[in-house]
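Results of the structural survey
Residue strings, one per chain:
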Amino acid sequence: MNDLVSLVDWSRAQFALTAMVHWLFVPLTIGLSLIVAIMETMWYRTRNEKWLRMTKTWMKLFGINFACGVATGIILEFEFGTNWSNYSWFVGDIFGAPLAIEGIFAFFLESTFIAVMFFGWKKVSRGFHLTATWLTAIGVVLSALWILVANAWMQYPAGMEFDPGEMRNVMVSFTDVALSPVAINKFFHTVASGWVLGGVFVVGVSCYLLLRGRNQEFAKSSIKVGGWVGMFGIILTMWTGDGSAVQVGKVQPMKLAAMEGLYRGECGQGLVGIGVLNPSKKPGDDQKEMLFEIKIPKGLSILARHDANAFVPGIDDLIEGIELTADGDTIHTVSYADRIEAGKRAQEALAAYGKAQKAGDSAGMAEATELLKADYQYFGYGYFDSPEDAVPPVALTFYAFRVMVMAGGYLLLFFVAALFMVYKRPGWLDKKLILWGGLATIAIVWICSEAGWIVAEVGRQPWVVQDLLPCKAAISGVSSGSVMLTFWLFAALFTCLLVAEVSIMVRQIRKESKRDILNDKND
Amino acid sequence: MNELQIYWWAIVSLLGALLVFLLFVQGGQTYIGCVKNEQTRNLIVNSLGRKWELTFTTLVVYGGAFFASFPLFYSTSFGGAYWLWMLILLSFILQAVSYEFRRKPGNIFGERVYDIFLMFNGCVGCVLLGVVVGTLFFGADFSVTRGNLLDGSAPVISQWNGSHGLEAIASWRNLLLGFMVLFLARTLAALYFINSIDDGAEFAARMRKSVIVNGGIFVVLFLAFAAVLLTSSGYGVNESGVIEKMPYKYVSNLTNLWWLGLMLLAGVLCVLWGIVRTALPCKGVWRCGIWWTGIGTVLTVFALLCAAGYNGTAYLPSVSDPSSSLTIANSSSTHFTLKVMAWVSAFVPVVVAYIGYVWYKMNARPLTTEEVENDHSY
């Protein structure tokens, strides 16, 4: 049993490592591909050499980053099989389809046309090249679409039913899987966050160029493009983030409670703006939730329910199965203890189905199927011993949520300020402090982006598939030592790749800063 | 087996066949260490660098398509032969960054290290992907017990030999196939260089010699593999629906499904013609070998992979527990999912068409040193 716990932990650590490193590169690919496509369109329309040089310069940085995203992406896909083999069978009938579609529609588009982007300047017409650049950008977004459809399905399983004979879930509606509201919201939220990151990167690097005192026109024109892309992105990210909070409140209320560090909810629940969690607080005890907090009155009810007086359940409320009406009346829902009982009944019914199937007892199979159907929605809870097993890590979710929201708010101001300065107060862009601030924001946007994924993925623990399959039942039959070894192997490799990429990127940016990009005769 | 399962096995086989053809990129990477002239080495890397993503993407799509259509293979082979797949992944990660980073200032490790990464991917990627295909014919030591899902303390459905894929690498039959793939890839690469690089008569003659040497070794290995395969037993579903060991199973598949046998023969002839015609003395060097040997490779591998799964054959036999062996019928997705995916696959010709068009536009003129030095390059 201890080895199982260790195996689950190392498997999670390996997947988290891969996903987080992958996400260092992907949003920049999403953002830069759009920005480069816009710049090339400007060149195509105006035939102004300036835009061509800008396109080629940013394309160089795009190319350096792209390779690392590809390298880490392949591991993620294969890790579903290598480290989560039970998962691959349990939901492979549904989950595999988006991955295959991603490959057929998106990856080939990207990999074919990116070659034209980089090597096709003298081989194809201007129009063809522009089309290739846009198709690469579209391929990047399509790729994000399908992987996010797959991810959203794990958070909100839809369009499927359970097949007891095969012991797996099977797809019954592709549209329910592909067009689930969670998937659509997640797609826009994530892709827009990539545009934000790309925008900050372009503005930040342009600030560095201004600090070096050359390339004024290049940098200011880049800030305009990056600023508008980022501004559009941050508004869309915030809007879809609001939608996401409502959805989480509906389909993953435990995640929402963890995001807020909320144990006992109330009608008109406040939102913790700034707070310090009580680290010794456990579900069900009488300790204070927070050591310190500044609350926005009724904020959480508005955020999660769009209703200032709505009840938002906390962790203890959910475990006990308690909700309140707007009038303060108590409603009893299914407690976690009851869910665990129901889950165990579902698993027993599934075992009975297997025995009846082996014996050729069709009446027994039909009876077991009925019992299974009645409790299947809580199937995964049957793996738990106590309700606390179904509570995610609260502290990490809580603080990551705050980091994401605060950094997101700052980024909105950042883009407003960047656009204001570049259009109305260009003189301010000579001030070193402002330029250093722009450069430093590059780090903030990455922290914000990673924090968002931590909220989404840590907050849904311990589930791989919400309510149906916990991590500990989703693993492969390898030893924890093997996974530990591959974890460190990947950690070392990713560190080397990251250091190399950052070093190449910095060297390239420095090189650009030493020449007059728009008038360099050697270009 | 229903028609959609048959269709999807054909799609997966086709993707596998295309992947083996596209391994010419990996084969080409194994030449990097053999070329001392820096200019020529850069030409080789750059001509491969414009195609590496196609091979990489085909591998990813192959994985995705297998997952969508035969999820039990995904969970059994990937989760079971852990080290085999991890080594393959490792080699492809190194490849993905090496092209872009190798000659970039500030790349920390230096050009030589990235070239070694490319060579590592070239050798290890080819051999180990060959070993994976070997397990489809020669089996592995694993069991599948769906009921394990209900055992909270040991819930894993697919259990593999404790060596987790290392035993597959140690099997001489799998290795025979692995090295066969490696030398096929090297042959294809030499043919590709002849077709796509313009670096003078000496280079072309040298590549022609490589075709002869590597093609020769490949043919010997292929004959050995064919002899082993055709005399080996396979596993298949008998008349009572039970999976059992069957002597000369693959001979019977290739004769019962005669069109597969013919396709295999046609493929082998195309491969040989591409090699022999390039080897024959003529004025200059014949540039079309890559197409003959390439198309032949696709036909041959497609026929072999179809033979591994059709005719009630277990395409991943379990040598320790034959009833756990994977067949097209017992490992596939549901009819509904396969149908959805079949609609998606209708777009594959569009994908193939645009890839072909872009390839045609980008390779209209052979690559020259001048282009590598003056334009964006790896």
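Numbers given for residues are sequential positions, taken from 1 along each chain in its written order. Written order decides the labels, with chains lettered from A and ligands numbered from 1. Whole-chain, interface and lining totals are the exception, using all residues; otherwise, since this is a predicted model, local features are given only for residues with pLDDT of at least 70 and side-chain atom pairs are given and counted only at 80 or more. Working from all heavy atoms in the structure, the side-chain values ignore hydrogens and water.

1. Quick word on the overall build of chain B
- For chain B, the count of helices and strands is 17 helices and 6 strands.
- A radius of gyration in this sense is built from C-alpha atoms; the matching globule rule multiplies 2.2 Å by the number of residues raised to 0.38. The C-alpha atoms of chain B give a radius of gyration of 21 Å, which matches the 21 Å a tight globule of 378 residues would have.
- Taken over the C-alpha atoms alone, chain B extends approximately 65 × 45 × 40 Å along its principal axes.
- The accessible surface values rely on the Shrake-Rupley method and a 1.4 Å probe; as for residues, cover is taken only from the protein chains in view. Roughly 13500 Å² of accessible area belongs to chain B as shown, and the carbon and sulfur atoms make up 66% of that amount.
- If the 22 positive side-chain charges of chain B are averaged to one point and the 19 negative ones to another, these points end up 8 Å apart. Helix and strand assignments come from DSSP, with helices taken as H or I runs of at least 4 residues and strands as E runs of at least 2, each series counted from the N terminus. Charge counting follows a simple rule: Lys and Arg are positive, Asp and Glu are negative, and His as well as the terminal groups are ignored. By convention, the charge on Lys lies at NZ, on Arg at CZ, on Asp at CG and on Glu at CD.

2. Looking at the packing of helix α9 (residues 172–196) of chain B against helix α13 (residues 289–309) of chain B
All names here are of chain B.
- For every element, the axis is a line fit to its C-alpha atoms; helices are fit only across the contacting stretch, and the angle between N-to-C directions ranges from 0 to 180 degrees. Closest axis-to-axis distance for the α9/α13 pair is 8 Å, and the angle between their directions is 150°. In this structure, α9 crosses over α13, and the sense of that crossing is left-handed. Note on element contacts: α13 touches α9 through G289, I290, W291, T293, G294 and T297, opposite L184, L188, L191, Y192 and N195. By convention, the crossing between two helices is left-handed when the near helix turns anticlockwise from the far helix through less than a right angle, and right-handed when the turn is clockwise. Only heavy atoms enter the contact rule, under which two residues are in contact if any of them lie within 4.5 Å.

3. What to know about the interface of chain B and chain A
- At the junction of the two partners, chain B supplies 75 residues and chain A supplies 85 residues.
- In this assembly, chain B packs against chain A so that about 7400 Å² is buried in total across both faces, 76% of it on carbon and sulfur atoms.
- As used in this structure description, the phrase polar contact means that two N or O atoms lie within 3.5 Å; if the pair is within protein, one of them must be able to donate a hydrogen and the other to accept it, and residues adjacent in sequence are counted only when both atoms belong to side chains. Counting the contacts that link chain B with chain A gives 19 residue pairs in polar contact (both at pLDDT 80 or more).
- Within the residue set of the side of chain B that touches chain A, elements represented by two or more residues are α4 (52–69), α5 (71–80), α6 (82–101), α15 (335–345) and α16 (348–362) of chain B.
- Here the side of chain B that touches chain A takes 14 residues from α4(B), the largest share from any one element.
- In terms of residue class, the side of chain B that touches chain A is built from 46 nonpolar, 20 polar and 9 charged. Buried area: the sum, over both parts, of the accessible surface (1.4 Å probe) that disappears when the two are put together. Each residue receives one of three labels: charged for Asp, Glu, Lys and Arg, nonpolar for Ala, Val, Leu, Ile, Met, Phe, Trp, Tyr, Cys and Pro, and polar for the others, Gly being one of them.

4. Some details on a positive patch on the surface
Residue and element names in this part refer to chain A.
- On the surface, R212, R214, R507, R510 and K514 cluster together into a patch of positive charge.
- Among the structural elements, R510 can be located in helix α16 (residues 480–513).
- Working definition: with a 1.4 Å probe on protein chains only, accessible area under 20% of the residue-type maximum means buried, over 50% means exposed, and in between means partly exposed. What makes R510 partly exposed here is its relative accessible area of 43%. For patch detection, residues must exceed 30% relative accessible area and be free of salt bridges, and they are connected within 9 Å for like charges or within 5 Å for nonpolar side chains (Val, Leu, Ile, Met, Phe, Trp, Tyr). Any Lys or Arg side-chain nitrogen located within 4 Å of an Asp or Glu carboxyl oxygen qualifies as a salt bridge.

5. Considering the environment of K432(A)
- Assignment of secondary structure puts K432(A) in helix α15 (residues 432–458).
- Of the residues examined, K432(A) reaches a relative accessible area of 57% and is grouped as exposed.

6. Looking at the nonpolar core
- By size, the foremost hydrophobic cluster in this structure holds 293 residues, and its most contacted members are W58(A), Y87(A), F193(B) and Y315(B).
- Per-element accounting of this core gives the leading share, 18 residues, to helix α7 (residues 181–211) of chain A.
- What counts as a domain boundary in this text is fixed by an automatic or database domain assignment. Each of two domains, domain 1 (259–331) and domain 2 (336–387) of chain A, supplies a minimum of three residues to this core.
- Those residues in contact with Y87(A), other than ones at most four positions away along the chain, are F80(A), G92(A), F95(A), M154(A), V464(A), V465(A), L469(A) and A474(A).
- We call a set of buried Ala, Val, Leu, Ile, Met, Phe, Trp, Tyr and Cys residues a nonpolar core when their side-chain atoms join them within 4.5 Å. In this structure, L277(A), I315(A), A342(A) and F398(A) belong to the second largest nonpolar core, which totals 21 residues.

7. Considering helix α3 (residues 38–49) of chain B
Residue and element names in this part refer to chain B.
- Compared with an ideal rise of 1.5 Å per residue, which puts 12 residues at 16 Å, α3 spans 16 Å between its outermost C-alpha atoms and is within 8% of the ideal.
- Burial of α3 is extensive: 10 of the 12 residues sit out of reach of the surface.
- Along α3, the positions that sit buried rather than exposed are T40, R41, N42, L43, I44, V45, N46, S47, L48 and G49. In a helix, the anticipated span is given by 1.5 Å times the number of residues less one.

8. Quick word on the side chain of S88(A)
- Note that S88(A) resides in helix α3 (residues 85–90).
- Discounting residues that sit within four places of it in the chain, S88(A) has contacts with F80(A), G81(A), F67(B), P71(B), Y74(B) and S75(B).

9. Section: the domain arrangement of chain A
- Domain parsing of chain A yields domain 1 (259–331) and domain 2 (336–387).
- Distance between the C-alpha centres of domain 1 of chain A and domain 2 of chain A: 34 Å.

10. A few points about the pairing of strand β3 (residues 234–237) of chain B
All names here are of chain B.
- Here the rule is simple: two strands pair whenever DSSP picks up at least two bridges between them. The pairing of β3 with strand β4 (residues 243–246) spans 4 bridges and is antiparallel. Across the sheet, G234 pairs through a bridge with M246, a residue of β4.
- The hairpin formed by β3 and β4 contains 5 residues between the paired strands, and G241 there has a positive phi angle of roughly 85°.

11. Some points on helix α11 (residues 249–256) of chain B
- Within α11(B), burial applies to K249(B), Y250(B), N253(B) and L254(B). Buried residues of α11(B), viewed axially, fall in a sector of 130°; they line one side. When we speak of the arc, we mean the arc of directions from the helix axis to the C-beta atoms.

12. Looking at the environment of T278(B)
All names here are of chain B.
- As for its position among the elements, T278 is in helix α12 (residues 258–279).
- Judged by relative accessible area, which is 1%, T278 ranks as buried.
- Look past the residues within four positions of T278 in its chain and what remains in contact with it is L191, I194, R208, V211, W273, W286 and G289.

13. Observations regarding the packing of helix α14 (residues 394–424) of chain A against α15(A)
All names here are of chain A.
- Put simply, α14 and α15 touch, their axes get as near as 8 Å, and they point 145° apart. When the axes of α14 and α15 are compared, the crossing they make is left-handed.
- Residues that form the contact of α14 with α15 fall into these classes: 19 nonpolar, 6 polar and no charged.

14. Focus on the pattern of salt bridges
- The final tally for this structure, using the stated rule, is 15 salt bridges over all chains.
- We note a salt bridge from K50(A) to E217(A), for which the minimum N-O separation is 3.7 Å. Here the residue K50(A) occupies a position in helix α2 (residues 49–82), and E217(A) occupies one in helix α8 (residues 216–251), the gap between them amounting to 167 residues.
- On the basis of relative accessible area, E217(A) is assigned to the partly exposed category, the value being 47%.
- Notably, a salt bridge pairs R264(A) with D317(A), separated by 2.9 Å at the nearest N-O pair. Within this pair, whereas R264(A) is found in the loop between α9 (253–260) and β3 (271–277), its partner D317(A) is found in helix α11 (residues 315–320), the two being separated by 53 residues in sequence.
- When its relative accessible area of 40% is taken as the criterion, R264(A) is described as partly exposed.
- A cluster of three or more residues bridged by salt bridges with shared partners is formed by R41(B), R102(B), E111(B) and D115(B).

15. Some points on a nonpolar patch on the surface
- On the surface, a nonpolar cluster with roughly 780 Å² of combined accessible area is contributed by W258(B), W259(B), L262(B), L265(B), L269(B), L272(B), V276(B) and L280(B).
- According to the relative accessible area criterion, W258(B) is exposed, its value standing at 57%.

16. Some remarks on the packing of aromatic side chains
- Working definition: a ring pair exists when centres of Phe, Tyr or Trp rings (six-membered ring for Trp) sit within 6.5 Å. Plane angles under 30 degrees give stacked, over 60 give edge-to-face, the rest tilted. Here the structure, examined in full by the defined rule, presents 75 aromatic pairs over all chains.
- A centroid spacing of 6.2 Å and a plane angle of 20° characterise the contact between W146(A) and F174(A), whose relative ring orientation is stacked. Here the residue W146(A) occupies a position in helix α5 (residues 126–155), and F174(A) occupies one in helix α6 (residues 174–178), the gap between them amounting to 28 residues.
- Cation over ring: K56(A) sits above W121(A), and NZ or CZ is 4.8 Å from the ring centre.
- In this scheme, the term charge over a ring applies when either NZ of a lysine or CZ of an arginine sits within 6 Å of the ring centre and within 35 degrees of the ring normal. Over the ring of W286(B) we find R277(B); its NZ or CZ atom is 4.8 Å from the centre of that ring.

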